Structure formats: C-alpha cells, structure tokens
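Structural overview for review
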Amino acid sequence: MRYIDEFRNAELIEKTAQEIRRRVDPSKRYRLMEVCGGHTFSIFRFGIQELLPENIELVHGPGCPVCVLPMGRMDDGLNLAKDPSVIFTAFGDVMRVPGSHGSPLEFKAKGADVRMVYSPLDALKLAVKNPDRKVVFFAIGFETTAPSTALTLLRAREMGVRNFFVLSNHVLILPAIRAILESPDMRIDGFLGPGHVSTVIGARPYEFIARHYGKPVVISGFEPLDLLQSILMLVRQIEEGRAAVENQYSRVVPWDGNRAALAAMAEVFEVRPFFEWRGLGFISQSALKLRPEFAPWDAEVQFEIAGLRVTDPMAAQCGEVLKGVLKPFQCKLFGKECTPERPVGALMVSSEGACAAYYHHVYARQAVGE
C-alpha cells in the first residue's frame with residue numbers, strides 16, 4: 001500500500017538508522033520529545049528506540065488527550081451520568097478513565113446509561129432517536145477531534161435538536177508545549193511535532209518554539225521510516241546549531257493547516273482563560289469552550305457542573321511521566337497496582353498513553369522472557 005510499504009522498507013530503515021548513528025556526536029546526549037500519543041504508540045510498537053544510538057533518548061510528552069484529563073473533569077461528567085434522564089456518551093478510550101468513584105464503564109455496570117460512540121455525530125443521532133432523554137457527549141481531544149465536535153454542533157443547530165449537549169474537554173497542543181518549555185526541569189533538545197494535530201493546525205504555529213526557545217521541531221508521520229527520518233532531521237539541526245520548523249509529514253500536513261476545519265472550530269469554540277491539565281496544573285488559554293451562541297447545547301450552561309478539583313492518587317506519578325521527568329517504569333505503581341486491566345492513572349488507559357504503550361510493548365514481553 002502507498003505510504004505503508006515505502007515507509008516500512010527494511011533497507012531504507014536500516015540506512016536511515018546508520019545515518020543517524022553517523023551524525024550524532026558520541027560525547028553528547030540528545031533528549032527528543034514526541035508530543036503525540038500516536039507517535040508514542042508507534043515508537044514502542046516498532047521498537048524505534050532500539051534502532052537508535054544510546055545517547056538519543058526519546059521522551060514521551062503530553063500528547064494523549066485521555067492522559068491529560070484531570071480526574072475532577074471526569075467526575076464532572078460522571079455526575080451527569082447519574083441523572084436517569086441523561087444518556088452519557090463518550091469515545092471508547094474514555095470508558096476506562098478512572099474518576100474518584102469509578103470509570104464510565106463502572107458507572108454503566110451500576111445502572112447508569114453510559115454508551116460508547118465512534119463520533120459526536122453518533123451521539124447526535126441518539127438524541128434524535130430519544131427525544132425524551134438528554135444526550136450528553138463528553139467531548140475530548142486536541143485540535144484533531146475538535147472539528148468533528150464543531151461540525152456536529154453546527155448540525156444540531158441546523159436541525160433544531162435541543163436535547164443534545166456537549167461537555168467540552170478539548171485542549172490545545174501549543175500551550176502545553178509552552179508549559180513544558182517553561183518548566184524549571186525542562187531538558188528537551190528538540191521536538192517531534194504531532195502528526196494528527198498538525199493536519200488541522202498546520203506547521204506554521206510551531207515557529208515560536210524555534211524562534212523564542214531555540215528548539216528545533218520536526219513534524220513527523222507515524223511509520224518507522226517517518227520517525228527515523230524525523231529524528232535524523234532533528235539531529236542535523238542540533239549538530240548544525242539551527243532551530244527551525246521542518247515538515248517531514250508534508251504528504252499529509254499542509255503548512256497553513258486545514259482552513260475549513262479551523263473555520264468550523266472558530267465558529268463554535270472560544271478559548272478558555274484557564275484549564276487544568278493532569279500533571280501540568282492550570283495552563284492559560286489552553287482549552288476550548290462553546291461560544292455563547294451555542295449555550296443551548298452547552299452542558300456547562302444547561303446543567304449544574306461542580307467544577308471539581310481532585311488530586312491524583314499520591315503514589316501515581318502521572319505528572320512526572322507527562323513532563324518527561326520520569327519514564328513509565330520508574331513510577332512506583334507501574335505494573336503492580338497500576339496495569340491496563342486496573343489503571344490507577346490515565347496514562348495506563350489509552351493505547352496512546354506512555355504507560356500503556358510501554359506496558360504492552362516492552363514490560364509484558366520482558367515478563368515472559370521475550
């Protein structure tokens with residue numbers, strides 16, 4: 001298949017890995033952060049770290065939307081699910097995210113009407129089919145999924161559906177990267193720019209990272225050769241003393257983004273003054289809420305939302321892993337109290353979470369002696 005076979009070509013992969021080894025300075029250490037959960041998954045799935053010199057360290061950043069969702073926000077949504085008049089809907093990777101008193105799946109087992117959907121449009125269809133119920137869509141994701149939520153709200157307004165509501169948890173990638181860059185324990189030399197988010201926002205918005213912080217950024221695809229080419233591009237920039245934004249994933253990512261998607265988002269959403277992120281705290285201008293024109297469909301307007309703040313379990317070190325300070329296996333609960341079957345922290349829930357990816361592709365294999 002085009003863009004699959006070419007980017008999994010073993011000969012090209014080996015040549016690129018050799019070129020990386022040739023380019024690196026053996027006396028230096030390179031810490032490169034991927035800020036996309038899809039990249040984290042691919043890095044573990046394809047064993048990318050094993051192809052690299054030992055002095056290149058891949059650091060897993062806050063690119064998984066489930067992982068950065070604070071527990072209190074999950075509790076806000078599940079409090080709505082307790083209402084017998086409500087059908088609570090969410091994506092599949094939200095279903096096992098732990099709140100203070102259980103996950104959506106556990107609430108479902110206790111009798112709440114909790115349903116998994118594949119898109120916000122599925123939730124809108126449920127509202128049309130159940131006019132006597134209130135259907136709440138627990139919207140989550142970076143700029144990747146925000147356009148589909150926006151288009152669904154525009155459709156709901158056009159159809160005049162008034163029993164459909166959105167609880168927006170959409171977050172923005174650039175403020176999170178800025179928060180990492182300004183963290184006192186920041187030790188990142190370059191960034192693998194997120195592929196999925198960039199299909200929407202484009203490459204241009206990352207220029208501030210190179211211009212103001214002097215860190216190179218390479219937007220990467222998800223196949224093994226994509227990732228290795230992007231790492232090679234970062235190494236070249238670092239060795240040449242450059243800091244620029246480069247687009248390895250140009251076959252998919254336009255420099256100025258998807259203008260239709262951006263226009264839909266701008267029509268429906270506005271930026272929140274502050275939003276809490278798991279492990280990163282409150283970050284200004286980092287999330288999206290519905291504009292006042294969409295108040296009839298805004299769960300935060302139409303329901304009583306407590307706005308809970310809940311501290312993560314003390315032993316779970318999700319924040320340190322999200323910021324790249326710790327590796328997943330360095331968390332005290334990893335593989336013991338916290339597993340994909342019984343997650344304590346959200347990073348163990350989604351396949352794109354650093355802990356779950358490491359558990360499935362490294363830890364589990366080591367446990368059986370592979």
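A few points on the structure. (Residues numbered from 1 in each chain as written. Predicted model: local features only at pLDDT ≥ 70, side-chain atom pairs only at ≥ 80, totals over all residues. Heavy atoms only, no water.)

1. Re the sheet that holds strand β1 (residues 30–34)
- In space, the five strands of this open sheet follow the order β2-β1-β7-β8-β9, with parallel pairing throughout. Two strands close off the open sheet at either side, each with one partner strand: β2 (56–60) and β9 (245–247). Within this sheet the neighbouring strands show an average axis-to-axis angle of 25 degrees, counted without direction.
- Here β1 runs beside strand β7 (residues 190–193); their pairing, made up of three bridges, is parallel. In the strand pairing of β7, Met33 is matched with Phe191. (Pairing = 2+ DSSP bridges. Helix = DSSP H or I, 4+ residues; strand = E, 2+ residues; numbered from the N terminus. Axes fitted to C-alpha atoms, helices over the stretch in contact; angles between N-to-C directions.)

2. Examining the packing of helix α1 (residues 10–23) against helix α10 (residues 224–240)
- The N-to-C vectors of α1 and α10 enclose an angle of 20 degrees; their axes lie 10 Å apart at closest approach. As judged from the angle between their axes, α1 and α10 are roughly parallel. Handedness of the α1/α10 crossing: left-handed. Residues Leu12, Ile13, Thr16, Glu19, Ile20 and Arg23 of α1 touch α10, and the partners they reach there are Pro224, Leu225, Leu228, Gln229, Ile231, Leu232, Val235, Arg236, Glu239 and Glu240.
- Of the residues assigned to the contact of α1 with α10, the class counts are nine nonpolar, two polar and five charged. (Parallel < 35°, antiparallel > 145°, perpendicular 65-115°, else oblique. Left-handed = near helix turned anticlockwise from the far one by under 90°. Contact = heavy atoms within 4.5 Å. Nonpolar A, V, L, I, M, F, W, Y, C, P; charged D, E, K, R; others polar.)

3. A closer look at the nonpolar core
- One finds Phe164, Ile173, Phe191, Tyr206 and Trp277 to be the most contacted residues of the largest nonpolar core, which totals 105 residues.
- Per element, the largest residue contribution to this core is seven residues, and it comes from helix α14 (residues 354–367).
- Every residue in contact with Ile173, bar those within four places of it in the chain, is listed here: Val35, Pro62, Phe142, Glu143, Pro194, Val197, Ile201 and Tyr206.
- Counting 22 residues, the second largest nonpolar core, distinct from the first, contains Phe7, Ile13, Ile56 and Ile231. (Core = buried A, V, L, I, M, F, W, Y, C linked by side-chain atoms within 4.5 Å. Buried < 20%, exposed > 50% of the residue type's maximum accessible area, 1.4 Å probe, protein only.)

4. Points about α1
- Here α1 spans 20 Å end to end across 14 residues, near enough to the 20 Å set by a 1.5 Å rise per residue.
- Listing the buried residues of α1 in full gives Ile13, Thr16, Ala17, Glu19 and Ile20. Mapping the buried residues of α1 onto a view down its axis gives an arc of 160 degrees, with all of them on the same face. Structural note: α1 exposes Ala10, Glu11 and Arg22 on the side pointing more than 90 degrees away from its buried face.
- Among the structural elements, β2 and α10 are those in contact with the buried residues of α1.
- Near the N-terminus of α1, the side chain that reaches the backbone nitrogen of Glu11, with its oxygen 3.0 Å away, is that of Asn9. (Expected span 1.5 Å × (residues − 1). Arc of directions from axis to C-beta. Polar contact = N/O pair within 3.5 Å; in protein donor to acceptor, adjacent residues only side chain to side chain.)

5. A few points about the packing of aromatic side chains
- A complete count under the given rule lists seven aromatic pairs for this structure.
- Between the aromatic rings of Phe142 and Trp277, the centroid separation amounts to 6.0 Å while the plane-to-plane angle is 50 degrees, which identifies the pairing as tilted. Here Phe142, found in the loop between β5 (134–141) and α6 (146–159), pairs with Trp277, found in strand β11 (residues 274–277); they are 135 residues apart in sequence, far enough to count as distant. Each member of the pair Phe142 and Trp277 is classed as buried.
- Geometrically, the ring pair formed by Phe208 and Tyr213 is edge-to-face, given 6.2 Å between the ring centres and 80 degrees between the ring planes.
- Under the relative-accessibility criterion, Tyr213 is labelled partly exposed at 24%.
- The residue whose ring lies beneath Lys110 is Phe107, and the NZ or CZ to ring-centre distance is 5.8 Å.
- The aromatic ring of Phe7 is capped on one face by Arg251, whose charged end is 4.0 Å from the ring centroid. (Phe/Tyr/Trp six-rings, centres within 6.5 Å; stacked < 30°, edge-to-face > 60°. Lys NZ or Arg CZ within 6 Å of the ring centre and 35° of its normal.)

6. Things to note about the side chain of Asn169
- Examined against the element boundaries, Asn169 turns out to sit in strand β6 (residues 164–170).
- Look at Asn169 and you get buried, because its relative accessible area is 2%.
- Looking at Asn169, its side chain comes within polar contact range of the side chain of Arg73, at 2.5 Å.
- When near neighbours in sequence (up to four residues on either side) are disregarded, Asn169 contacts Leu69, Arg73, Phe138, Ala139, Ile140, Gly141 and Phe275.

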